[in-house]
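Topology and contacts: notes
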Amino acid sequence: MIYQDKAIMIRQTNYSESSRIITILTENGASVPLMARGFNKPNSPFASLRQGFQNSLFTYSRHRGMGTLTEVDVIHPYRHMNTDFDLYTGASYVLEAISRVVEEEFPDKTLYDLCKVAFDRLEDGSEMYAVLSFVLIKLFPKYGAALNFDRCIQCGTYDFQKLNRYSFKFHGLLCTDCQTEDNINRSVLIENRIVYLIAFLKHVRINDLNSIDINTETAKKMFKVVEMLFQEYTGEYFKARKMLDI
Ligand SMILES: [Zn+2]
């Protein structure tokens, strides 16, 4: 059967001198392994896949198991993102974080949406560390973790003016009223505008994130907080992290 899917290539590995096996994450959230014959040849019809991260239309035949790639048409080449070293590194981080939770048996459309929206925002010049924070925030539940950033874990207040501390003891935010000497064991101070931003990004729908307009300094602070929590609760570390300039 012949298929045609909008997708992002998330993995590739050499199969022979001339061919590669690639994995694409389709618009429906399915991951599909494909044999790309002649991928490594100079005049390969799949040469566009060697130009960095892209959103493309993949045509392939598949019965069961691995399919065979027949054609690739680039929909979005992400030229800016692919030619700027920092953005390219950011995109690598995004793809690594997302592809690690892609499962062949369980298609998840939100993973494709998240990847596409992150690439779109990196391409259009949104602050990179805000985009990376957004991706991690949305991935918490995919890694089986929770990000309790909505209200005080003790008294339940939603008043962001008062929410400026995260407790690893209670796994949530503590408001200024609840920060007793006993409660603040194993906790860190977080500026409340950062708390507010994280909560906002947690609740905004993935496809509604049209731009993130915050300054680099704030975005970097937010990323450090989000990453600290992500590592604490998932234990994951991404290889692309060491290339980030932060
Ligand atoms: Zn409280």
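Residues numbered from 1 in each chain as written. Predicted model: local features only at pLDDT ≥ 70, side-chain atom pairs only at ≥ 80, totals over all residues. Heavy atoms only, no water.

1. A short note on the coordination of the zinc ion
- On the protein side, the zinc ion has Cys152 (SG), Cys155 (SG), Cys175 (SG) and Cys178 (SG) as donor atoms, found 2.3 Å from it.
- The site at the zinc ion holds four donor atoms, and with the angles between them running 106 to 116°, its shape is tetrahedral.
- Using a relative accessible area of 0% as the deciding quantity, one classes cysteine 175 as buried. (Donors = N, O, S within 2.8 Å, 3.2 Å for Na, K, Ca; no water. Tetrahedral: all angles 85-135°; square planar, octahedral: opposite > 155°, others 65-115°. Buried < 20%, exposed > 50% of the residue type's maximum accessible area, 1.4 Å probe, protein only.)

2. So, the nonpolar core
- In this structure, Ile98, Phe119, Phe134, Leu139, Phe149 and Ile198 are the most contacted members of the largest nonpolar core, which totals 68 residues.
- When contributions to this core are tallied by element, the ones reaching two or more residues are β1 (2–14), α2 (85–99), α3 (109–123), α4 (128–139), β6 (163–167), β7 (172–175), α5 (192–203) and α6 (216–234).
- When residues of this core are assigned to their parent elements, the largest contribution, 10 residues, is made by α4.
- Residues lining this core come from more than one domain, with at least three contributed by each of domain 1 (2–77) and domain 2 (85–246).
- Residues contacting leucine 139, with those up to four places away along its chain left out, are Ala97, Ile98, Val101, Leu111, Leu114 and Phe230.
- Counting residues in hydrophobic clusters, the runner-up holds 14 residues, among them Val32, Leu34, Phe46 and Leu69. (Core = buried A, V, L, I, M, F, W, Y, C linked by side-chain atoms within 4.5 Å. Helix = DSSP H or I, 4+ residues; strand = E, 2+ residues; numbered from the N terminus. Domains from an automatic or database assignment. Contact = heavy atoms within 4.5 Å.)

3. Quick word on α5
- Taking 1.5 Å per residue as the helical rise, α5 with its 12 residues ought to reach 16 Å, and the 17 Å between its terminal C-alpha atoms agrees with that figure.
- Within the span of α5, buried status applies to Ile194, Val195, Leu197, Ile198, Ala199 and Leu201. (Expected span 1.5 Å × (residues − 1).)

4. A word on the domain arrangement of the protein chain
- As assigned here, the protein chain comprises domain 1 (2–77) and domain 2 (85–246).
- Inter-centroid distance (C-alpha atoms) of domain 1 to domain 2 is 31 Å.
- Listed as interface residues are 19 residues of domain 1 and, on the opposing side, 19 residues of domain 2.
- Interface area for domain 1 against domain 2, summed over the two sides, is near 1500 Å², with a carbon-plus-sulfur share of 69%.
- Of all residues in domain 1, Ile8, Leu25 and Phe53 bury the most surface against domain 2, accounting for 37% of the area lost on that side.
- The tally of links between domain 1 and domain 2 comes to one salt bridge.
- The salt bridge partner of glutamate 104 is arginine 62, with a shortest N-O separation of 3.6 Å. (Buried area = accessible area lost by both parts, 1.4 Å probe. Salt bridge = Lys/Arg side-chain N within 4 Å of Asp/Glu carboxyl O.)

5. Focus: the sheet that holds strand β5 (residues 67–76)
- Strand order in the closed barrel made by the five strands is β1-β2-β3-β5-β4, with mixed pairing throughout. Going from strand to strand, the sheet's axes swing by 50° on average, the running direction of each strand aside.
- One ladder, built from two bridges, connects strand β3 (residues 31–36) with β5; its direction is parallel. Each residue of the ladder has a partner; that of leucine 34, found in β5, is glycine 67.
- Sheet strands in contact with α2 are β1 and β2 (20–26), and its direction is about 105° off that of β1.
- In the packing of α3 onto the sheet, contacts are made with β1, β2, β4 (55–61) and β5, and the angle to β1 comes to roughly 75°. (Pairing = 2+ DSSP bridges. Axes fitted to C-alpha atoms, helices over the stretch in contact; angles between N-to-C directions.)

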